[in-house]
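Report on the structure
Spelled out, the chains give:
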Amino acid sequence: MPQIAQLAETYSSQIFWLLVFFGLVFFVIGRGMVPRVMATVGDRDKQIADDLAAAQAARDRADEEEDAWRIRENENRNQAQALVVQAKADAAAQSEKKIGAAQKRLDTKLAEAETRIAASRDSAMTEIEAVAAEAAQDITQRLAGVKVTKPSASKAVKEALAHV
Amino acid sequence: MAAEEGKVDPMHQFHIEPILGSQNWEIAGFNIAFTNSSMWMMITAIVLFLFVWGGMKRDLVPGRWQVMVESSTGFIEDMLDANIGKEGKKYVPYVFSLFMFILFANLLGLLPLGIIGVHPFTFTSHFTVTGVLAVISFAIVLLVGFWKHGFHFFSLFVPHGTPLPMIPIIFPIELISFLVRPFSLALRLFVAMMAGHVLLKVLSSFVIDGTNAGIGFGLLVGLPSFALMIGISALEILVAGIQAYVFALLTSLYINDAENLH
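Described below are features of the structure shown in this document.

The secondary structure content of chain A amounts to 3 helices and 0 strands. Since a compact globule built from 164 residues should have a radius of gyration of about 15 Å, the 63 Å found for chain A marks it as more spread out than a globular shape. In terms of principal-axis extent, the alpha carbons of chain A reach across some 195 × 25 × 15 Å. The burial tally for chain A puts 16% of its 164 residues in the buried class. Total accessible area computed for chain A in this model is approximately 12,400 Å², and 60% of it derives from carbon and sulfur atoms. Averaging the locations of the 22 positively and 24 negatively charged side chains of chain A gives two centres separated by 10 Å.

Shown next as structure tokens:
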């Protein structure tokens, strides 16, 4: 077994060169290069985490804006609806007013016409009475030779007309 | 070494030879010959450097190579996070170096480079190497433990709810199990790597000797051994990963003891 047979002559060389080369590996690679490799990994992890956080923040902001937009939109819709209702009410009130005015005009015209009609009828009635009274005087004069006064003739006519 | 011509010595692959005429290099009287073992440590370090360097483009959207490197650091980071918690992050450089160095050493040692005449050397099959790594891990545990908790660190050896009269018995048991840790850590990796490589070499000697002994032996012994070698090679790739993982996992568990006591 050379490990034991050569121990006395080789141990110092083995230990010396192992310390030299393992020392180089430790200080150059372990202390010098490995931390930089790990830093690269750390930087990458950090960048990924940052990007994810930024994306999350952007999404949150978008959600917020959407909510705000929704609220604004609802307000606008409500306002529009109120405007429509208001306009409807206005229009209804106006048309009612117009209809009322027209009705009033018609009513006055009707009333005037009725008054005129009534007046015409009254005047016609008076004329008829007068004519009837004259006719009655005439008839009684001619048939019975009785002279009837105008007032009694017209009184009789009135009575007779009242019975009609 | 003592192998005859045509024979396979399963132990020869662990033989350490100085190369580049460096067998007399010394520091303070200690021999520091640049051996085949040292060369494969260097190759492992270079390959590992190229692997990590290829993943350092720092792209926001990583390519395949960058994903491999980032998942290997992420794997160690997750393991330390799961075993130690938030405090574990500062041990990522050490545990990553440990895990990847052992993993690459194990895998490079399995490369079938023998067919082009280069013999890979698995330095993790030497307990001088695994022992040093285990001692480094154990030293970190001791330093962190005493640095953070002072003498309170000894309460690690008295589990919660131990009845008072049991403490004098429990304490030495826990202490010994704690002190055995570096040895178990080192021996586990060394034995696993050595056993696998020896097994592959023994089987390959069956294939060679069996085939040389004639067509009958070749079919009877050589062919099944060869099929077994293919399966065991796949298993060895798995073992290479598992042993590196176990070494790193146990290191992180021991560091957890030092960081958080119980």
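Here the narrative resumes.
Residue and element names in this part refer to chain B. Counting through the fold element by element, I255 comes out in helix 6 (residues 215–260). Residue classification places I255 among the buried positions, given a relative accessible area of 0%. Between the C-alpha atoms of I255 and L80, which are 175 residues apart in sequence, the distance is 9.4 Å. If near-sequence neighbours (up to four positions away) are discounted, I255 is found in contact with I84, Y91, I140 and V141.

Here the focus is the packing of aromatic side chains. Each aromatic ring pair is characterised by the separation of its centres together with the angle its planes make. Residue and element names in this part refer to chain B. In total, this model carries 21 aromatic pairs over all chains according to the counting rule given. Ring centres of F51 and W65 lie 6.3 Å apart, and the angle between their planes is 40°; on these two criteria the pair is classed as tilted. Placement of the pair is F51 in helix 1 (residues 36–54) and W65 in helix 2 (residues 64–83), with a sequence separation of 14 residues. Ring plane angle 55° and centroid distance 6.1 Å describe the contact between F154 and F157, whose orientation is recorded as tilted. Classification of F157 as buried rests on a relative accessible area of 3%.

The rules behind these values
Residues numbered from 1 in each chain as written. Chains lettered and ligands numbered in written order. Predicted model: local features only at pLDDT ≥ 70, side-chain atom pairs only at ≥ 80, totals over all residues. Heavy atoms only, no water. Helix = DSSP H or I, 4+ residues; strand = E, 2+ residues; numbered from the N terminus. Rg over C-alpha atoms; globule rule 2.2 N^0.38 Å. Buried < 20%, exposed > 50% of the residue type's maximum accessible area, 1.4 Å probe, protein only. Areas by Shrake-Rupley, 256 points an atom, 1.4 Å probe, with all protein chains shown as cover. Lys, Arg positive; Asp, Glu negative; His and termini not counted. Charge placed at Lys NZ, Arg CZ, Asp CG, Glu CD. Contact = heavy atoms within 4.5 Å. Phe/Tyr/Trp six-rings, centres within 6.5 Å; stacked < 30°, edge-to-face > 60°.

Function-wise, these values are silent; they only describe arrangement.
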